[in-house]
Amino acid sequence: MTTSDIAQGDKNARPLSLSGHVGFDSLPHQLVNKSTCQGFCFNILCIGETGIGKSTLMDTLFNTNFENFESSHFEPKVKLRAQTYDLQESNVRLKLTIVNTVGFGDQMNKQESYQHVVDYIDTQFESYLQEELKIKRSLHNYHDSRIHACLYFIAPSGHSLKSLDLVTMKKLDSKVNIIPVIAKADTISKSELHKFKIKIMSELVSNGVQIYQFPTDDETVSKINTAMNGILPFAVVGSSEEVKIGNKMVKARQYPWGVVQVENENHCDFVKLREMLICVNMEDLREQTHTRHYELYRRCKLEEMGFTDTNPESKPVSLQETYEAKRHEFLGDLQRREEEMRQMFVQRVKEKETELKEAERELQGKFEQLKRLHSEEKSKLDEKRRSLEDEINTFSKKKAAAELLQGQSFNTNANLKKDKDRKNSGFM
Amino acid sequence: MTSNTRYKSRALRSEDGREEKEYVGFATLPNQVHRKSVKKGFDFTLMVAGESGLGKSTLVNSLFLTDLHKDRKLLNAEERISQTVEITKHTVDIEEKGVKLKLTIVDTPGFGDAVNNTECWRPITDYIDQQFEQYFRDESGLNRKNIQDNRVHCCLYFIPPFGHGLRPVDIEFMKALQDKVNVVPLISKSDCLTPNEIRKLKDRVREEIDTFGIKVYQFPDCDSDEDEDARQKDRELKESTPFAVIGSNMVVETRGQKVRGRLYPWGIVEVENQSHCDFVKLRTMLIRTHMHDLKDITCDCHYENYRAHCIHTMTSKMNTDNRVESPIPILPLSTPDVETAKLIKMKDEELRRMQEMLQKMQQQMQHEQDL
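As annotated in an unreviewed UniProt entry, chain B carries the name Septin and is attributed to Salmo salar. Regarding chain B, the relevant UniProt record gives this comment under Subcellular location (unreviewed entry): "Cytoplasm". Turning to chain B, the UniProt annotation filed under Sequence similarities (unreviewed entry) states: "Belongs to the TRAFAC class TrmE-Era-EngA-EngB-Septin-like GTPase superfamily. Septin GTPase family."

Under an unreviewed UniProt entry, the name given to chain A is Septin, and the source organism is Salmo salar. As stated in UniProt under Sequence similarities (unreviewed entry), the record for chain A gives "Belongs to the TRAFAC class TrmE-Era-EngA-EngB-Septin-like GTPase superfamily. Septin GTPase family."

Quick look at the structure:
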């Protein structure tokens, strides 16, 4: 709710003055006590080329050794590596998650590099959204893994941003709070640094990239925040080694020509970064992530799924009604599809049946025809056989008769008879 | 020896009274070479390659103590998203003690700057090949009096010091150029590394160059008759490759002297201080001792390779096309028959293979028909 809403609501509530001390001024303290007992949670995403000093800067910022190993330059794709640590300072517990990119900027073709980072951030938002939409949810126990701050490490070329930096930051500025830092700043002299910062900010502005602005609406911190907004991006140097200066051991880098002290404000902006990121604005970063970036994600996601805030008659629609309506629609759809499929099935079966019947009839016809032909042939053959048999019978009869005659007229004119026989047999 | 001294004949000042017939006089040859070369003048083409912002122009200015890039226009990040690599040339004439040098610096703006850098070295290799081809034509022409030698003699490749070693784009670039030009890798902007880190990075880079088999320019070994001092220097030179350099356009005052350097709140980096960086070693190697060696290797090695390759492709094309199309006069090769015979054999084999395949397919079809 904005302050104007509260003011309008207050039209019904009239301000009263108290005549004594009631005690509700301890409410902030109660809140703080509860939060301290619960512990805080903070997630940082570090994007930068391999070897630019992300892990070293984290070690320096949080004054511990996170035991990161060197990554190689030959990763085929950009990956993200997340590690969670439990830190404690006085009685405040912090659950810190540091996500580092691995292999960013090493590939020949970097057109897909930003996609992996965007996908990771969206996944964290998605899991929070799922938890929020659950029926039985436990949000206060939920380990919030959404990214609260993104430190983008710019290589100290001294001229301007790289093309990859611009493309990536454009894609990320609506999803996460971007804080650009110039890494390895001990390679840029003071005058060059001033020009470099101006160039970077002008490039970001002219391309419409919205980086995180430290909040200036709270009077206690507005002055320092406005000043810091003008020093962005911070030029930082990280170091895990200590060098003796005077009689103290300080974090520094030792060169043959001098010693760069990390915590010397003259040398680099490390102290400013630590103050802004951790001491002053950590809670604001978390709030911005939740109220701005997460809400934007949620709205886009739900609109995609078809939810609206008001139905066509401009009446507010509750989530439940929308759910019901969607479910109905979905079920109806399902039923319709089932019907369709069934109909199609029946139709197909019918078609097949008719086809088969046709085929059967045809076959039957053919069979009958063949049978007829066969019987015709058979009868013909039978006839022929009978005629042949008749012939054989006649022939054998004639033969028998001839032999008989031959036997009878054996003693008389055998030649004559023979001739006659021959003639007779020639007749047959 | 300057061009003014002349070698006095030893016979006139002979101290032990040797006879004249022992003296011929060709010991003056180095003198004559020196004189002629000074008259002719020298030329040198240097290419610098690397991502923008690594200090290439500053280093070239520091090396040759001039300002070569007066009005440079640097592109913004959004203009560089899909930038292609250009080749720009600057030529200057500089003179020192009567010796004239025509120096050409070939710059490669846009290398490695786009989001998609696949094959970004192609314009560079094409340029080098073009220069070789031009020289090849000139050399084979009829009038060879004034040949302009634009071949690239050395390529300085700038490795960013912000990583842990070589990156894929570095390796691809050096491999693409190793057979065409002398590649000298340098670690740029080394004032962001402590001496320990420099050592580790150099070891890493040398190791990766070995692993990936990249042929960078190797210093020739010292002659055996050089004295120990020179040999020591030579050894040191070889052990400190790749050189970690810093460049500067500004002159600062330190310890009462004006030197080229960079001013920081925590100290002053001197470019010519050997304990700060290897700039002096690079300058010595590039200009004072090995310039001519670089030119020789370019002429004798890279150019000859290119020439042989060119002729080979041209003659094999001629033999297959049966046309004489080459723009240069080519003497018939001593073994053209071997070439044609080989080609004929190859083509025969191909034909045979195709016939076999056809047969197999026909058989299969028959088989299926029979089934």
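Additional details are given in the paragraphs that follow.
With that out of the way, let us pick up the UniProt feature "site: Important for dimerization" (unreviewed entry) in chain B. In the numbering used here, UniProt assigns the "site: Important for dimerization" (unreviewed entry) feature to F162(B). Looking at where F162(B) falls in the secondary structure, it is placed in the loop between β4 (154-159) and α4 (168-177). Residue F162(B) is classed as buried on the basis of its relative accessible area of 5%. For F162(B), the contacting residues outside a window of four places in its chain are T50(A), G51(A), I52(A), P156(A), K184(A), T187(A), L54(B) and C192(B).

The sites that carry the UniProt feature "domain: Septin-type G" (unreviewed entry) are, in the present numbering, residues 38-304 of chain A. Secondary structure over residues 38-304 of chain A splits into 39% helix and 22% strand, and the C-alpha atoms at its two ends are 35 Å apart.

Sheet strands associate in pairs through backbone hydrogen bonding, adopting either a parallel or an antiparallel arrangement. All names here are of chain B. One open sheet holds the three strands; their spatial order is β7-β8-β9, and the pairing between them is antiparallel. Each edge of the open sheet carries a strand with a single partner, namely β7 (251-254) and β9 (267-270). Taking the axes of each pair of neighbouring strands and ignoring which way they run, one obtains an average angle of 70° across the sheet. Where strand β8 (residues 257-264) lies against β9, four bridges are found, and the strand directions are antiparallel. In the sheet register, L263 faces β9, and the bridge partner there is I268.

Once that is clear, we can look at the nonpolar core. When a protein is soluble and globular, its nonpolar side chains tend to lie buried together. Ranked by size, the top nonpolar core spans 153 residues in total, and within it L156(B) and F173(B) carry the most contacts. Sequence-distant contacts of F173(B), defined by excluding residues within four places in its chain, comprise A49(B), F111(B), W121(B), I124(B), C155(B) and Y157(B).

Residue and element names in this part refer to chain B. Sheet analysis places strand β1 (residues 42-49) next to strand β3 (residues 99-107), joined by seven bridges and oriented parallel. When the sheet's bridge partners are listed, M47 is paired in β3 with V106. Bridge analysis of strand β2 (residues 88-96) against β3 gives nine bridges, and the strand direction is antiparallel. When the sheet's bridge partners are listed, I94 is paired in β3 with L101. Hairpin connection between β2 and β3: a loop of two residues separates the two successive antiparallel strands, and K97 in this loop has a positive phi of roughly 50°.

Right, let's get into the domain arrangement of chain A. When its domains are assigned, chain A resolves into domain 1 (36-303) and domain 2 (315-398). In this structure, domain 1 of chain A and domain 2 of chain A have C-alpha centres spaced 75 Å apart.

Quite often, the size of an interface is put as the accessible area lost when its parts meet. Residue-level contacts link 44 residues of chain A with 51 residues of chain B. Buried surface at the junction of chain A and chain B, both sides included, amounts to about 4,000 Å², of which 57% is carbon and sulfur. Together, F74(A), M108(A) and W257(A) form the three largest contributors to the area buried by chain A at its contact with chain B, with a combined 21%. Remark: the boundary between chain A and chain B carries three salt bridges. For E51(B), the salt bridge identified is with K162(A), shortest N-O distance 3.2 Å.

The subject of this paragraph is the pattern of salt bridges. By the definition in use, this model includes 40 salt bridges over all chains. Two residues, D122(A) and K175(A), come together in a salt bridge whose shortest N-O distance is 3.0 Å. Of this pair, D122(A) sits in helix α4 (residues 113-133) while K175(A) is found in the loop between α5 (163-172) and β5 (178-182), placing the two residues 53 residues apart along the sequence. Residue class for D122(A) comes out buried when judged on its relative accessible area of 19%. Linking R122(B) and E119(B) is a salt bridge whose minimum nitrogen-to-oxygen distance equals 2.8 Å. In the salt-bridge network here, residues are joined through shared partners; they are E49(A), K162(A), E51(B), R167(B) and D170(B).

So, about the UniProt feature "coiled-coil region" (unreviewed entry) in chain A. Residues given the UniProt feature "coiled-coil region" (unreviewed entry) here are residues 342-405 of chain A. Secondary structure within residues 342-405 of chain A divides into 100% helix and 0% strand; the distance between the first and last C-alpha atoms comes to 93 Å.

If you walk through the whole model with that rule in mind, you get 18 aromatic pairs over all chains. Aromatic side chains F111(B) and Y157(B) sit 6.1 Å apart centroid to centroid with 85° between the ring planes, which places their arrangement in the edge-to-face category. Of this pair, F111(B) sits in the loop between β3 and α3 (122-139) while Y157(B) is found in strand β4, placing the two residues 46 residues apart along the sequence. In this structure F111(B) comes out as buried when scored by relative accessible area, which is 2%. Accessibility expressed as a relative area gives 1% for Y157(B), which makes it buried. Of the aromatic side chains, those joined through ring pairs into one cluster are F125(A), Y128(A), Y142(A), Y294(A) and Y297(A). We note R146(A) situated over the ring of Y294(A); from NZ or CZ to the ring centre the distance is 4.7 Å. Cation over ring: R151(B) sits above Y135(B), and NZ or CZ is 3.7 Å from the ring centre.

As a further point, take the environment of T60(A). Residue and element names in this part refer to chain A. In this structure, T60 sits in helix α3 (residues 54-62). By relative accessible area, which is 1% here, T60 ends up buried. Residues T60 and V262 lie 202 residues apart in sequence; the distance between their C-alpha atoms is 8.8 Å. Those residues in contact with T60, other than ones at most four positions away along the chain, are G238, S239, K251, V262 and F270. A polar atom in the side chain of T60 sits 2.5 Å from the backbone oxygen of T56.

This brings us to the state of the cysteines. Applying the stated criterion to the full structure yields zero disulfides over all chains. For the unlinked cysteine C279(A), the closest cysteine sulfur is that of C268(A), found at 15 Å. Counting only cysteine sulfurs, C299(B) is the nearest neighbor of C301(B), a cysteine outside any disulfide, at a range of 11 Å. Classification of C301(B) by relative accessible area gives partly exposed; the value is 36%.

To continue, consider unusual backbone geometry. Note the cis peptide between L232(A) and P233(A), where omega equals -10°. With respect to the element layout, P233(A) can be found in the loop between α7 (219-229) and β6 (234-235). Here T241(B) and P242(B) are connected by a cis peptide whose omega angle stands at -10°. Along the chain, P242(B) turns up in the loop between α6 (228-239) and β6 (243-244). At K97(B), a position not held by glycine, the phi torsion is positive, near 50°.

Residue and element names in this part refer to chain A. Where α7 is concerned, the buried positions are S222, N225, M228 and N229. Buried positions in α7, seen along its axis, are confined to an arc of 135° and lie on one side of it. Turning to α7, the residues buried within the fold contact β6 and α8 (270-280).

Parameters and conventions
Residues numbered from 1 in each chain as written. Chains lettered and ligands numbered in written order. Predicted model: local features only at pLDDT ≥ 70, side-chain atom pairs only at ≥ 80, totals over all residues. Heavy atoms only, no water. UniProt positions renumbered as here; feature names shortened; annotations may be inferred. Helix = DSSP H or I, 4+ residues; strand = E, 2+ residues; numbered from the N terminus. Buried < 20%, exposed > 50% of the residue type's maximum accessible area, 1.4 Å probe, protein only. Contact = heavy atoms within 4.5 Å. Pairing = 2+ DSSP bridges. Axes fitted to C-alpha atoms, helices over the stretch in contact; angles between N-to-C directions. Core = buried A, V, L, I, M, F, W, Y, C linked by side-chain atoms within 4.5 Å. Domains from an automatic or database assignment. Buried area = accessible area lost by both parts, 1.4 Å probe. Salt bridge = Lys/Arg side-chain N within 4 Å of Asp/Glu carboxyl O. Phe/Tyr/Trp six-rings, centres within 6.5 Å; stacked < 30°, edge-to-face > 60°. Lys NZ or Arg CZ within 6 Å of the ring centre and 35° of its normal. Polar contact = N/O pair within 3.5 Å; in protein donor to acceptor, adjacent residues only side chain to side chain. Disulfide = S-S within 2.5 Å. Arc of directions from axis to C-beta.

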